[in-house]
Amino acid sequence: MQVVVGAGAVGSVVARRLVEQGERVRVITRSGGGPDGAERIAADAGTELAKYVEGATAIYSCAGPAYSKWTSQWPPLGAALIAAAEASGAVLVTTGNLYGYGAVDGVMTEELPLLPNTVKGQVRARLWADALEAHQAGRIRTAEVRGSDYLGAGAVSPFSVTVLPKVIAGKRGMMPGDLDAPHSWTYVGDVARTLIAVAGDESAWGRAWHVPTPEPVPVRRLAERAAVLAGAPQAKMAAMPGWILKLAGLVDPSAREMVEMQYQWQRPFVLDSTAATVAFGIKPTATDDALTEMIGKGKQ
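Every chain is numbered independently, its residues counted from 1 as its sequence is written. For a predicted model such as this one, the threshold for reporting local features is a pLDDT of at least 70, and the threshold for listing and counting side-chain atom pairs is 80 or more; totals across whole chains, interfaces and linings nevertheless cover every residue. Excluded from the side-chain calculation are hydrogens and water; included are all heavy atoms of the structure.

A. Local environment of the overall build of the protein. Each helix and strand counted, the protein has 11 helices and 11 strands in total. Note that the radius of gyration is over C-alpha atoms, with the globule rule given as 2.2 Å times the number of residues to the power 0.38. The C-alpha atoms of the protein give 19 Å as radius of gyration, which agrees with the globular expectation for 300 residues (19 Å, within 12%). Along the first, second and third principal axes, the C-alpha set of the protein runs to 55 × 40 × 40 Å. We call two residues contacting when some pair of their heavy atoms lies within 4.5 Å. Excluding contacts between residues fewer than 6 apart, the proportion of contacts in the protein whose partners are at least 24 apart in sequence is 73%. By element, 52% of the accessible surface of the protein is carried by carbon and sulfur atoms, the whole surface being about 13100 Å². This count recognises Lys and Arg as positive and Asp and Glu as negative, with His and chain-terminal groups excluded. Lysine's charge is taken at NZ, arginine's at CZ, aspartate's at CG and glutamate's at CD. For the protein, the distance from the average position of its 29 positive side-chain charges to the average position of its 29 negative side-chain charges is 7 Å. Under the DSSP-based scheme used, a helix requires at least four consecutive residues in state H or I and a strand at least two consecutive residues in state E, with every element numbered from the N terminus. The Shrake-Rupley method, run with a 1.4 Å probe sphere, supplies the accessible areas, and residue values consider only the shown protein chains as cover.

In structure tokens, the structure reads:
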């Protein structure tokens with residue numbers, strides 16, 4: 001049995017792919033959602049996960065608290081995932097991100113030390129450190145799969161929330177930062193493929209992997225491609241002054257949490273995914289294909 005915690009953009013694809021492979025799949029979410037063909041359980045993974053992992057061979061961590069609740073809710077959820085892996089003997093494969101590296105000069109590789117410069121980066125780094133410590137102590141088996149900002153159906157990122165809807169509607173999109181700085185974008189389907197590949201390869205455990213990701217594309221160029229693919233007018237973009245984001249944060253918790261993450265958009269933000277591309281033979285999905293998927297979902 002394969003247990004998938006979370007049924008968002010990544011968890012849904014993981015569960016669906018495993019079902020298509022003929023696996024018995026159990027999806028655990030607060031709402032009891034998940035794709036057809038999977039057993040769907042409504043439960044709080046932070047407190048009830050241990051009840052539902054007996055006999056599991058893999059646990060995929062694809063969920064997470066609301067951005068504004070990371071500091072209070074991630075630690076108990078992370079501890080619950082480790083405890084469930086230890087009790088069941090299942091390998092724990094976690095969906096991670098690049099926050100833990102902090103502000104990096106140059107391309108990000110898996111060999112970089114975790115030197116977070118934000119609260120959320122500290123949370124992510126601590127989660128991995130705890131899981132890796134348990135792995136090295138022989139208590140669990142684990143690995144982490146890290147991607148950059150997501151593209152694809154259901155993807156939630158500053159681009160998908162603040163830019164793409166405006167561009168499709170022929171309006172001006174705005175984002176804070178340097179619109180022409182190279183930026184890596186990771187397709188959610190490739191995250192799912194990498195999670196499954198890592199879970200099935202014992203030699204891949206005990207370390208982090210970067211999801212196979214295409215060449216970086218600046219925000220402005222991404223908006224221009226989205227407009228072309230959507231048949232919309234030529235994209236219009238403007239850099240959002242930082243004070244606007246701070247002002248929005250006075251009333252919007254999500255905007256408030258984005259303030260400390262602005263460094264990712266003010267300089268090149270590029271990951272190297274050579275290791276996973278070579279190890280698992282996963283070819284990154286083209287950025288245009290990921291955008292097309294997002295645009296198609298948005299029009300439905």
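B. Here's a closer look at the packing of aromatic side chains. Here the aromatic set is Phe, Tyr and Trp, taking the six-membered ring for Trp, and pairing holds for ring centres within 6.5 Å; pairs whose planes are under 30 degrees apart are stacked, those over 60 apart are edge-to-face, and all others are tilted. One pass over the full model with this rule turns up 6 aromatic pairs. Between Trp185 and Trp265, the aromatic rings sit 5.8 Å apart at their centres with planes inclined by 45°, giving tilted as the arrangement. Linking Trp185 in strand E9 (residues 185–187) with Trp265 in the loop between helix H9 (253–258) and helix H10 (274–280), this pair joins segments that are 80 residues apart in sequence. The residues Trp185 and Trp265 share a single accessibility class, namely buried. Every member of this aromatic cluster is reached through a ring pair, and the members are Tyr67, Trp70, Trp74 and Tyr99. The ring of Tyr67 carries Lys120 above its face, with NZ or CZ at 5.0 Å from the centroid. Note on geometry: a ring has a charge over it if NZ (lysine) or CZ (arginine) is within 6 Å of the ring centre and within 35 degrees of the ring normal. The positively charged end of Arg124 is found above the aromatic ring belonging to Trp74, 5.0 Å away from the centroid. We call a residue buried when its accessible area falls under 20% of the maximum for its residue type, exposed when it is over 50%, and partly exposed in between, using a 1.4 Å probe and counting protein chains only.

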